[in-house]
Amino acid sequence: MDLDIQPVRSSLPDYQEIKQLYHRAFPAYEREKWGWLLFKRYFKHADFTAFYDQDQFVGFAYVIHVKGLHYVLYLAVNDQLRSQGYGSRILTTLKHHYHDVPLALDIEAPNPKAVNNQQRLRRLAFYQRNGFHLTSRKMKDPEVTYQVLTTTNHFNGAKVDHVFNWFEWPFGWLAK
């Protein structure tokens, strides 16, 4: 059964909880400014959505749509509900909602030297169980290397560039 979807906006009863989860779920070097996320969704190329199981807030996703690709920039499950299948249910809901073109996302690339390599491997296995495939596309930041995964076997890595170019335009330097 799909989850209920609500756009994230300040009038949403769980707005502050969503914002706090965003700050807990992602390290500072991965987070964009909250205001930037809200601003960019007004351009109709991004959806910032909260997911509900009946009336219970279970998580959120931020998805960017550019050039035939839906890119899941952020996905987080409510801390109190992790390991209860909600991550898979959110992905299933996203796949049904965005059925027209593939989904893609990135994770910290597995690295035996990384302190959190076991977590990285568990995350990779989770996404693979949910229909995502590794691509050869990697993105390097000073802090970490990310590996792109997608729901299709025919992946065009240049589409990822379009996603991030759109997200950073016109004031990408303000987003950090």
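Just so it is clear, the structure is predicted and the values come from calculations on it, not from any experiment. (Residues numbered from 1 in each chain as written. Predicted model: local features only at pLDDT ≥ 70, side-chain atom pairs only at ≥ 80, totals over all residues. Heavy atoms only, no water.)

It is not clear to me how the sheet that holds strand β1 (residues 4–7) should be interpreted in this structure. Could you clarify?
Each strand in a sheet pairs with its neighbour through backbone hydrogen bonds, running either in the same direction (parallel) or in the opposite one (antiparallel). The mixed open sheet is built from seven strands, whose spatial order is β1-β2-β3-β4-β5-β7-β6. The sheet is open, and its two edges are formed by β1 and β6 (133–140), each paired on a single side. Strand after strand, the sheet turns through a mean of 35° between neighbouring axes, direction not considered. Where strand β5 (residues 103–108) and strand β7 (residues 145–150) come together, five bridges link them in antiparallel fashion. Bridge pairing links E108 to Y146 in β7. Along the sheet, helix α1 (residues 15–25) contacts β2 (46–53), β3 (56–65) and β4 (70–77); its crossing angle with β3, the most-contacted strand, is approximately 70°. (Pairing = 2+ DSSP bridges. Helix = DSSP H or I, 4+ residues; strand = E, 2+ residues; numbered from the N terminus. Axes fitted to C-alpha atoms, helices over the stretch in contact; angles between N-to-C directions. Contact = heavy atoms within 4.5 Å.)

Sorry if this is basic, but what is going on with the nonpolar core here?
Burial of nonpolar side chains together is a common tendency in soluble globular proteins. W34, F60, Y62, I64 and Y71 are the most contacted members of the largest nonpolar core, which has 34 residues in total. When contributions to this core are tallied by element, the ones reaching two or more residues are α1, α2 (34–40), β2, β3, β4, β7 and α5 (158–168). When residues no more than four places from it in sequence are discounted, the contact partners of W34 are V8, Y15, I18, K19, Y22 and F48. L3, V63, L81 and L124 belong to the second largest nonpolar core, which has 22 residues in total. (Core = buried A, V, L, I, M, F, W, Y, C linked by side-chain atoms within 4.5 Å. Buried < 20%, exposed > 50% of the residue type's maximum accessible area, 1.4 Å probe, protein only.)

Can you walk me through the pattern of salt bridges in this structure?
Any two side chains of opposite charge can pair, given that their charged atoms come close. The tally for this structure, following the rule as stated, stands at four salt bridges. Two residues, D79 and R24, come together in a salt bridge whose shortest N-O distance is 2.4 Å. With D79 in the loop between β4 and α3 (86–97) and R24 in helix α1, this residue pair connects regions lying 55 residues apart in the sequence. For D79, a relative accessible area of 27% gives the class partly exposed. Judged by its relative accessible area of 48%, R24 falls in the partly exposed class. Between E108 and R120 there is a salt bridge, with its nearest N and O atoms 3.8 Å apart. Here R120 lies in helix α4 (residues 117–129) and E108 lies in strand β5, a separation of 12 residues in the sequence. (Salt bridge = Lys/Arg side-chain N within 4 Å of Asp/Glu carboxyl O.)

Which parts of the structure should I look at to understand the environment of V77?
Inspection of the secondary structure puts V77 in strand β4. Overall, the relative accessible area of 11% leaves V77 in the buried class. What V77 contacts, discounting residues up to four positions off in sequence, is L21, V58, G59, R82, Y86, G87 and I90.

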